[in-house]
Amino acid sequence: MALRASTQGLEIVNQARRHKGWSRQAAAWSQTAITSLATLKRFWQGEPIQQETFIRLCLAVGLERWEEIVDSISTEPIPPISPPAPITDWGEAPDVSVFYGRNEELTTLKQWIVQDRYRLVALLGMGGIGKTPLSVKLAEQLHDEFEYVIWRSLRHAPPLEAILANLISCLSHQQETQADLSRLLNYFHSSRCLVVFDETDAILRSGNPVGHYQEGYEEYGELLRRVGEERHKSCLVLTSWEKPKDIASREGKKLPVRSLQLPSLGEAAKEILREKELSYEEEKLQQLIQLYRGNPLALDRVSTIIHELFGGSVAEFLRQNTIVLGEDIQQVLHQQFTRLSDLEKTIMYQLAIHPEPISISQLAEDSSLTLSKSQVIEALDSLGRRALIEKSKVALDVLFTLQPVVMKYVKRIYPEGM
């Protein structure tokens, strides 16, 4: 059954909502009366809405005798309302009209967020691997699954209070500005929201232990904890060089918290090189991609160098038997390296001077070090969570090494040893 308010009834409701200090479109309507802004609009226009919703709207402003404001009762079915377009705020999100590969990762992430309804998802990987473009592309492709899509960069380490006030302002259509975590969770419960935090590593502390917050930013941990543990219908996606501890301690097969370590770009990396109009044999192209481990930023920079200095010949560049870092790559690696503890830097140097992968026992037994096996294990675990080492298994041994680009950087900053 559908009910429609009379003109006099609408004025009664208007007086009641003004007494509460609400606007006609205040977010409090949709939360208290559990309805949508589209239904509110129909109500104010004097159009019929479902009886149950009509009654809840009246009760929300304290009108218990709702029958007195009814104009007519209709048994005709209410025509379906097209869902309103999602409200988006892209902040400083970059343009990703040029985007390579990552189809497998996008499929996995959409499965987690849309079908599995995971509430907290982290995209992890070393600098330049493509976390930011993937987060934007993911938000674009999930656009129609959410009522709100908000993308925010944490590059400049904003305090949590500023982020909360900004998000609540967006979700309340600028009706509210308080920085209250519980209020944000109320919006996450009443509306389907997708929020992306890019460069979350900016709020994390340098040194050990990995994944802990800078002093003064510990409240972000409370945000992640509550988003992951409390029931709601929204999702928070974050990107980071390293895994925040509140994700590491909560993700699992039975919990709605997940992290995805971004691998090499794979075959799609060829598109970056082809766009530079390089000349190559397929084998040489694959060799170049492997040398730079399919890192999109590194491949983009080195392909420019090949085009400008080697006439576009991949084979001629590879004949130099060297790795070129470039200013952008060095800057990214410098940012990550300065976050390491002294112990981690020591292990990184040892891995850099060993041309072949090395085991934990070999590292612990190195006569130039005075480290216990437990210290080596702890450092390797931390470096793994920072996406700075590679590991492989040979027979019964697990061996560790560095990517060629990272190895080159470490040797460059320690030309005479540590």
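Going by the structure above, here's the rest.
Caption draft 1: Local environment of the environment of Y187. One can find Y187 in helix α8 (residues 181-190). Judged by relative accessible area, Y187 falls into the buried class, the value being 3%. Reaching out from Y187, the side chain makes a polar contact with the side chain of E176 at a distance of 2.4 Å.

Caption draft 2: Up close: the sheet that holds strand β4 (residues 87-89). With parallel pairing, 6 strands are arranged side by side in an open sheet as β4-β6-β7-β8-β5-β9. Of all the strands in the sheet, just β4 and β9 (257-261) have a single pairing partner and so form its edges. Each strand of the sheet is rotated relative to its neighbour by a mean of 10°, with strand direction disregarded. Here strand β5 (residues 120-124) pairs with β9 via 5 bridges, running parallel. Bridging across to β9, V121 finds its partner in R258. In the packing of helix α5 (residues 103-115) onto the sheet, the strands contacted are β5, β8 (235-240) and β9, and the crossing angle to β9 comes to about 175°. In this fold helix α7 (residues 160-171) packs onto β4, β6 (148-153) and β7 (193-198), with an angle of close to 155° to the strand it touches most, β6.

Caption draft 3: Local environment of the sheet that holds strand β10 (residues 358-359). A sheet is described by the order of its strands in space; here 3 strands give the open sequence β10-β12-β11, paired in antiparallel fashion. If you trace the sheet from one side to the other, it starts and ends with β10 and β11 (390-394), each paired once. Here 2 bridges tie β10 to strand β12 (residues 397-401), and the two strands are oriented antiparallel to one another. By the bridge assignment, I358 is partnered in β12 with F400.

Caption draft 4: Region of the structure containing the layout of surface pockets. Volume-wise, the largest pocket comes out at about 1100 Å³. Forming the boundary of the largest pocket are 38 residues, of which G128, G130, T132, P133 and L297 lie nearest the centre. Of the residues that constitute the lining of the largest pocket, the class distribution is 15 nonpolar, 9 polar and 14 charged.

Caption draft 5: Layout of the packing of α7 against α8. Between α7 and α8, whose axes approach to 10 Å, the crossing angle comes to 35°. In the crossing of α7 with α8, the sense of the turn from one axis to the other is left-handed. Residues L164, L167, I168 and L171 of α7 touch α8, and the partners they reach there are L181, R183, L184, Y187 and F188. Each residue belonging to the contact of α7 with α8 can be placed in one class, and the counts come to 8 nonpolar, no polar and 1 charged.

Caption draft 6: Expanded view of the pairing of β7. In terms of burial, β7 is largely enclosed, as 6 of its 6 residues are buried. Residue alternation in β7 divides its side chains into two sets, C193, V195 and F197 and L194, V196 and D198, and both sets are buried. Sheet topology places β6 next to β7; 6 bridges connect them, and they run parallel. Along β7, the bridge assignment pairs R152 with F197.

Definitions and cut-offs
- Residues numbered from 1 in each chain as written.
- Predicted model: local features only at pLDDT ≥ 70, side-chain atom pairs only at ≥ 80, totals over all residues.
- Heavy atoms only, no water.
- Helix = DSSP H or I, 4+ residues; strand = E, 2+ residues; numbered from the N terminus.
- Buried < 20%, exposed > 50% of the residue type's maximum accessible area, 1.4 Å probe, protein only.
- Polar contact = N/O pair within 3.5 Å; in protein donor to acceptor, adjacent residues only side chain to side chain.
- Pairing = 2+ DSSP bridges.
- Axes fitted to C-alpha atoms, helices over the stretch in contact; angles between N-to-C directions.
- Contact = heavy atoms within 4.5 Å.
- 1 Å grid on protein atoms, 1.4 Å probe; cavity = no way out; pocket = protein on both sides within 12 Å on 5 of 7 lines; lining within 4 Å.
- Points joined across faces, edges and corners; volume = space filled by probe spheres on them.
- Nonpolar A, V, L, I, M, F, W, Y, C, P; charged D, E, K, R; others polar.
- Left-handed = near helix turned anticlockwise from the far one by under 90°.

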